[in-house]
Amino acid sequence: MQPNLLTPLTIKSVTLPSRIGMSPMCTYSAQDGMATDWHLVHLVSRAQGGVGLVLVEATAVSPEGRISPGDIGLWDPRQTKALVPIARGIAGEGAVPGIQIAHAGRKAGCAKPWDGGKPLHLSGWPILGPSPIAFDPTYPTPSALTVAEIKQLVKSFGTSAAMAREAGFKLLEIHGAHGYLIHSFLSPLSNQRQDEYGGTLENRMRILTEIVAVCQSRWGMDLPLGVRLSMSDWAPGGLTLAETLQVTQVLREAGVDFVDCSSGGAVPHAQIPGNEPLYQLPFAKAVKQTVLGIKSMAVGMIRTPAEANQIIQEGSADVVLLGRALLRDPYWALRAAQELGDSRLVPKQYRRAF
Ligand code: FNR
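If you're wondering where the values come from, they're calculated on a predicted model, not measured in any experiment.

Participant: How would you explain unusual backbone geometry if you had to name every residue and give the values?
Facilitator: Located in the positive-phi region is Trp 234, a residue other than glycine, with phi close to 55°. For Trp 234, the location among the structural elements is in the loop between strand 10 (225-230) and helix 7 (241-253). The partly exposed category is assigned to Trp 234, whose relative accessible area is 22%. With a phi angle near 55°, Met 301 is a residue other than glycine that sits in the positive phi range. Within the secondary structure layout, Met 301 lies in the loop between strand 12 (295-299) and helix 9 (305-313). For Met 301, a relative accessible area of 21% translates into the label partly exposed.

Below, the structure written as structure tokens:
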């Protein structure tokens, strides 16, 4: 029988109580890379609100890998400790605690959005990328990573993956989208290297496959591990769906459990149809249709429970991730449960109200 939005989903040893996930979203509210009370309340509220998978925002694998000084990190044991109550709190509400690990690459070192969001050009904050090509003229030109530095960086993803597991997370997402480090290697618009990390698609995805391998060894093979990809650069000469489907196939063969299908972010001149509902859904659908065995997550302008339910019922994706809808309404999933006539997601403490 075809599942619906509220049907549980088992991936490896983990069962999501529903197909509703919270997309990773930076809140720029960490101190020295440490999650704070803000994160605890913000993230556990969504679990209380019936979300089945709560993905903690982009969490940097190194200090210079942060988008802003307010990003969470996982390079210091104190940061692991700060995340423990968050993973425990989410799990305590019956949701699966997940986390996204990331390196911002050539888009690192920016102000928080409410402080303008522009590059800070801070001394002592190295900006790194595959090639010395700035994101746009206001951004610093990144230093092209040497092969030795790439190997080091790959290792830091493994260390963060191990710390995420130690903190109690049950699902790990590697951030390979939105123009950040991994995506900047995947996209020919930002990667013009001549060595084994540039040129052919196989070479451009090498850093990703190395990161996946090190994460699998440090995170473990018993818990779900996936990748968020920008399935298209939406720009001439950039990554295309045909290429990212090939990447997805390679990831599947490497044992990756899911692909979270986002898009864009590689270059400022991308033509993204971002104000259209479900604009990224064809990517999740293409993964379902062409790469057998990998779970596909859909994200982007999914607004109503009916829309989300239809995505699952028609088999276009395995999980629906919501971003802004959950910022507007932490109880979106409880509303969905009510609309779909299933009160299972309602916390027992709230049931008299439903
Ligand atoms: C985001 N997004 C995002 N994506 C990601 O992979 N890691 C992140 O940390 C963030 N941070 C972030 C912060 C804020 C405030 C927003 C609004 C978005 C993108 C997000 O996860 C999602 O993919 C998009 O917002 C599209 O989904 P919605 O918002 O249309 O449901």
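Participant: Quick rundown of the environment of His 183? Include the residues and the values.
Facilitator: Along the polypeptide, His 183 turns up in helix 4 (residues 181-186). Between the alpha carbons of His 183 and Lys 155 there is a distance of 17 Å; along the sequence they are 28 residues apart. Once residues lying within four places of it in the same chain are set aside, the contact partners of His 183 are Gly 176, Ala 177, His 178, Ser 190, Ser 230, Asp 233, Leu 239, Gly 264 and Ala 266. Of note is the side chain of His 183, whose polar atom sits 3.3 Å from the backbone nitrogen of His 178.

Participant: How would you explain the site of the ligand if you had to name every residue and give the values?
Facilitator: Neighbouring the ligand are 15 residues; Ser 23, Pro 24, Gln 100, Met 301 and Arg 324 lie closest to it. At 2.9 Å from a nitrogen atom of the ligand is found a main-chain nitrogen or oxygen belonging to Cys 26. One of the side-chain nitrogen or oxygen atoms of Gln 100 is found 2.8 Å away from a nitrogen atom of the ligand. For the ligand, whose free accessible area comes to 600 Å², the fraction covered by protein is 82%.

Participant: Please set out the nonpolar core residue by residue, giving values where relevant.
Facilitator: In this structure, Ile 174, Leu 208 and Trp 332 are the most contacted members of the largest nonpolar core, which totals 101 residues. Setting aside residues no more than four positions away along its own chain, Leu 208 makes contact with Ile 174, Ile 182, Leu 186, Val 227, Leu 229, Val 247 and Leu 251. Core analysis: the second largest hydrophobic core is formed by six residues, Ala 104, Ala 108, Ile 127 and Tyr 180 among them.

So, how was this worked out
Positions within a chain are numbered from 1, following the residues in the order the chain's sequence is written. Totals for whole chains, interfaces and linings use all residues, but because this is a predicted model, local features are given only for residues with pLDDT of at least 70 and pairs of side-chain atoms are given and counted only at 80 or more. Based on all heavy atoms of the structure, the side-chain values leave hydrogens and waters out of the count. Here a strand is any run of E in DSSP of at least two residues, a helix any run of H or I of at least four, and the numbering for each starts at the N terminus. Exposed residues in this analysis have more than 50% of their type's maximum accessible area, buried residues have under 20%, and partly exposed residues fall in between, with area computed by a 1.4 Å probe over protein chains only. Any pair of residues with heavy atoms lying within 4.5 Å of one another is described as a contacting pair. Contacts described as polar in this section are N or O atom pairs within 3.5 Å, which, within protein, must combine one atom able to donate a hydrogen with one able to accept it, while residues neighboring in sequence count only if both atoms come from side chains. By convention in this text, a residue qualifies as near a molecule or strand provided that one of its non-hydrogen atoms is within 4 Å of it. Computed with a 1.4 Å probe, the accessible areas rest on the Shrake-Rupley method; for each residue, only the protein chains presented here act as cover. The set of buried Ala, Val, Leu, Ile, Met, Phe, Trp, Tyr and Cys residues whose side-chain atoms join them within 4.5 Å is what this entry labels a nonpolar core.

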